[in-house]
Protein chains: 2
Amino acid sequence: MIACLFVVLLSIAFSTGIQAADLSSEPGACPLPSWNDNVAKKSIIDFVTMVTKADGPDLVPPAERIAVFDNDGTLWAEQPMYFQFFFVLDRVKTLAPQHPEWKTQEPFAAIIKGDVKAALAGGEKALGQLMMATHAGMTSEEFEKIVRDWIATARHPKTGRLFTEMVYQPMLELLSCLHANGFKTFIVSGGGVEFMRPWSERVYGIPPEQVIGSSIKTKFELRGSKAVLVRLPEINFIDDGPGKPVGIQMQIGRRPVAAFGNSDGDLQMLQWTTDGNGPRFGLIVHHTDAEREWAYDRNSSIGRLDKALDEAQSKGWLFVDMKKDWKTIFPDIPIKN
Amino acid sequence: MIACLFVVLLSIAFSTGIQAADLSSEPGACPLPSWNDNVAKKSIIDFVTMVTKADGPDLVPPAERIAVFDNDGTLWAEQPMYFQFFFVLDRVKTLAPQHPEWKTQEPFAAIIKGDVKAALAGGEKALGQLMMATHAGMTSEEFEKIVRDWIATARHPKTGRLFTEMVYQPMLELLSCLHANGFKTFIVSGGGVEFMRPWSERVYGIPPEQVIGSSIKTKFELRGSKAVLVRLPEINFIDDGPGKPVGIQMQIGRRPVAAFGNSDGDLQMLQWTTDGNGPRFGLIVHHTDAEREWAYDRNSSIGRLDKALDEAQSKGWLFVDMKKDWKTIFPDIPIKN
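Residues numbered from 1 in each chain as written. Chains lettered and ligands numbered in written order. Predicted model: local features only at pLDDT ≥ 70, side-chain atom pairs only at ≥ 80, totals over all residues. Heavy atoms only, no water.

Draft legend 1. Broad picture of the overall build of chain A. Of the regular secondary structure elements, chain A holds 13 helices and 8 strands. Relative to a compact globule of 337 residues, whose C-alpha radius of gyration would be 20 Å, chain A shows 22 Å and is just as compact. Along the three orthogonal principal directions, the C-alpha set of chain A runs to about 80 × 55 × 40 Å. The buried share of chain A, taken over its 337 residues, is 56%. Across chain A, contacts joining residues at least 24 apart in sequence account for 67% of those joining residues at least 6 apart. One finds the centroid of the 36 positive side-chain charges in chain A at a distance of 3 Å from the centroid of its 41 negative side-chain charges. (Helix = DSSP H or I, 4+ residues; strand = E, 2+ residues; numbered from the N terminus. Rg over C-alpha atoms; globule rule 2.2 N^0.38 Å. Buried < 20%, exposed > 50% of the residue type's maximum accessible area, 1.4 Å probe, protein only. Contact = heavy atoms within 4.5 Å. Lys, Arg positive; Asp, Glu negative; His and termini not counted. Charge placed at Lys NZ, Arg CZ, Asp CG, Glu CD.)

The following block contains the structure:
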């Protein structure tokens, strides 16, 4: 009978374990194997332990365990340019045969010739033209398939990896740690929301409804009896800088307790998150590893970290030094796809 | 030892039961006690059973079990006018002492005198003025508190119930049934998103991040070192009619498998949902009970059901006849608050 009791207790422990992921306030496992045993790793574990301790003074109810993550430069790399722009370049080339006029029309002509710098000399207007030509005009489901097909095969020019293999292994482990402790994680990115949704669940475990990003307008149409949403060449929302707290409120409707970013585009998201009452956590990924990744901050045109670098100390935001704090940067490949 | 085995099996069964709510594909309990044993109840249970049957041909993976609900007239009553408008009236009266100019300025003067009809004679412009005067100018957190305080005490002029006690008991049971079967439920309402979020989780079990609604613009500001979002007197998004599929795509990013509405404002949401591939479910609450609630459809200015009434049959959407299909309309009070 003692053996029986033991088995029953085991079963109960197992059943409690299942609950823990969603409901209980017992801290789940956070091994973070790719993190060196430095202050950064300890700070993360301390925060998670603090807000999940069942009878602790800083317990955050599971429903309020909202964590927001920038994407470019925080969850995956962003050099030598935002990965979404590689998508734009590839799409222009793919679509060029249907647009003979692009041969003589900038910024398209330059891109077809392979001269990205010349194409971007046209500044924001040129960028807008490229975005709309490649992101609008189709239905939402057609666009989803275009992204899905592209991301399955497109590779980074320097590393030769799939772009989805250029996510940061330590951040994947951090996401798992938060998920195991009842956190709901959201991406809050300046990138296009519909560019991220087709792969965010597979790669990060973050479902489409927890992705916030920039968007163009869409319009509902009946084509015959078929219901579609058509993507229009008109900006709807820019989810960057002061737009990030706005996007968070629009889509989540409550203030996060933890925010993770890497650039000045994340400054207001960090301010908004960590200014709330109760325990809060702000983290900045600092790109310090020119050998294994890239090293950049104040002077980079992509992912500039300047104002947020100045403000981090007074706000108590945690700096992650990629070179010192991360054992590995990218996942071993082949990763699960 | 046989007794022991029995206890262990019970424990395992119990642990499986816990999983069912989130992960498994075993149909959970759907007693729907306030539903009469008619076609409507059977159709709901059949659909839920079909899409959750583990080895069935129509299994919908838990991540894709997205169900969308209109609010006014579908989850709670909407007569003699949208409940949010009672909030507007009360706010105008509360704010009037700070706005002496309103005494002679329409539409405010009419409302202060208690003449709602005269106030609304100004049409959309008057309504817009009233909305902005009562919904903009404060921070998002101040507005949340205003709504929370109002909804805790404001009562319906005819029934004397709190507005949150005028939710439909059979629909609460339907929400529970879906939650028990791994569905993620969203409100998709023409009403203000920040008017619903402060009480949607308590009343419906639907958290703020699963509420989609109309909105005004907000702006991020630092007031000293304090981070706030200020509500601006400018429309951001109207989540009604063809706006509903747009709002669904913006916030959820995938097509729902089930949609629940009651009026022409839900027509496109029903079209968008039920036009998807695989098993789909569309339901229209038909207000047929003048005695226990209200009876209205084609000729009502609030919650008009006309085009969707014509289209329902060819689309196979289920009609719920409130008079015949529902044993009770509202919850027994006092309900849990």
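Draft legend 2. Region of interest: the state of the cysteines. Residues and elements named next belong to chain B. Using the criterion set out here, one finds 2 disulfides over all chains in the structure. With a sulfur-sulfur separation of 1.9 Å, C30 is cross-linked through a disulfide to C177. Here the disulfide of C30 and C177 is right-handed, its torsion about the S-S bond being about 75°. Within this pair, whereas C30 is found in the loop between α1 (2-20) and α2 (39-52), its partner C177 is found in helix α8 (residues 169-180), the two being separated by 147 residues in sequence. Of the two residues, C30 and C177, both sit in the buried class. (Disulfide = S-S within 2.5 Å.)

Draft legend 3. Region of the structure containing helix α12 (residues 307-315) of chain B. All names here are of chain B. When α12 is considered as a whole, its buried residues turn out to be A308, L309, E311 and A312. In the core, the buried residues of α12 are packed alongside α11 (267-274), β6 (281-288) and β8 (318-321). A positive backbone phi angle near 75° is found at G316, which sits one or two residues after α12.

Draft legend 4. Up close: the interface of chain B and chain A. Every contact between the two is made by 46 residues of chain B and, on the other side, 46 residues of chain A. Counting each side, the surface lost to burial between chain B and chain A is near 3,800 Å², with a carbon and sulfur contribution of 55%. Where chain B touches chain A, the interface holds 8 salt bridges. The shortest N-O distance in the salt bridge between E141 of chain B and R255 of chain A comes to 3.0 Å. (Buried area = accessible area lost by both parts, 1.4 Å probe. Salt bridge = Lys/Arg side-chain N within 4 Å of Asp/Glu carboxyl O.)

Draft legend 5. Seen up close, the environment of Q271 of chain A. Assignment of secondary structure puts Q271 of chain A in helix α11 (residues 267-274). Between the alpha carbons of Q271 of chain A and Y168 of chain A there is a distance of 24 Å; along the sequence they are 103 residues apart. Ignoring anything within four residues of it in the chain, the contact list for Q271 of chain A reads E311, K315 and W317 of chain A together with F220, L222 and A227 of chain B.

Draft legend 6. Representation of the pattern of salt bridges within the structure. Enumeration according to the criterion identifies 36 salt bridges over all chains in this entry. A salt bridge links K145 of chain A to D149 of chain A; the shortest N-O distance between them is 2.6 Å. With K145 of chain A and D149 of chain A both in helix α7 (residues 140-153) and 4 residues apart, this pair spans about one turn of that helix. The class of D149 of chain A is partly exposed, set by a relative accessible area of 42%. The salt bridge involving K41 of chain B is made with D37 of chain B; its shortest N-O contact spans 3.1 Å. Three or more residues joined by partner-sharing salt bridges are found here, namely K184 and R254 of chain A together with E201 and E209 of chain B.

Draft legend 7. Just the side chain of T134 of chain A, in detail. All names here are of chain A. One can find T134 in helix α6 (residues 123-135). Engagement of the side chain of T134 in a polar contact is seen with the backbone oxygen of L130, the distance being 2.7 Å. Leave out the neighbours within four places in its chain, and T134 touches V88, R91, V92 and F143. (Polar contact = N/O pair within 3.5 Å; in protein donor to acceptor, adjacent residues only side chain to side chain.)

Draft legend 8. Spotlight on the relation of the copies chain B and chain A. Note on the identical chains: chain B maps onto chain A by a rotation of 180° and an axial translation of 0.0 Å, with an RMSD of 0.0 Å. Accordingly, the operation relating the two chain copies is best matched by a two-fold axis. (Least-squares fit on C-alpha atoms with pLDDT ≥ 70 in both.)

Draft legend 9. Up close: the packing of aromatic side chains. Residues and elements named next belong to chain B. What the rule picks out here adds up to 38 aromatic pairs over all chains. Plain terms: the ring middles of F195 and W199 are 6.5 Å apart, the flat faces sit at 80° to each other, and that makes the pair edge-to-face. Of this pair, F195 and W199 are both found in helix α9 (residues 193-204), 4 residues apart, which corresponds to roughly one turn of the helix. A relative accessible area of 0% means that W199 is categorised as buried. With 5.9 Å between their ring centres and 50° between their planes, F260 and F281 make a pair best called tilted. Taken as a pair, F260 in strand β5 (residues 258-261) and F281 in strand β6 lie far apart in primary sequence, 21 residues in all. Residue F260 is classed as buried on the basis of its relative accessible area of 2%. (Phe/Tyr/Trp six-rings, centres within 6.5 Å; stacked < 30°, edge-to-face > 60°.)

Everything listed here is a matter of geometry and, on its own, says nothing about what the molecule does.
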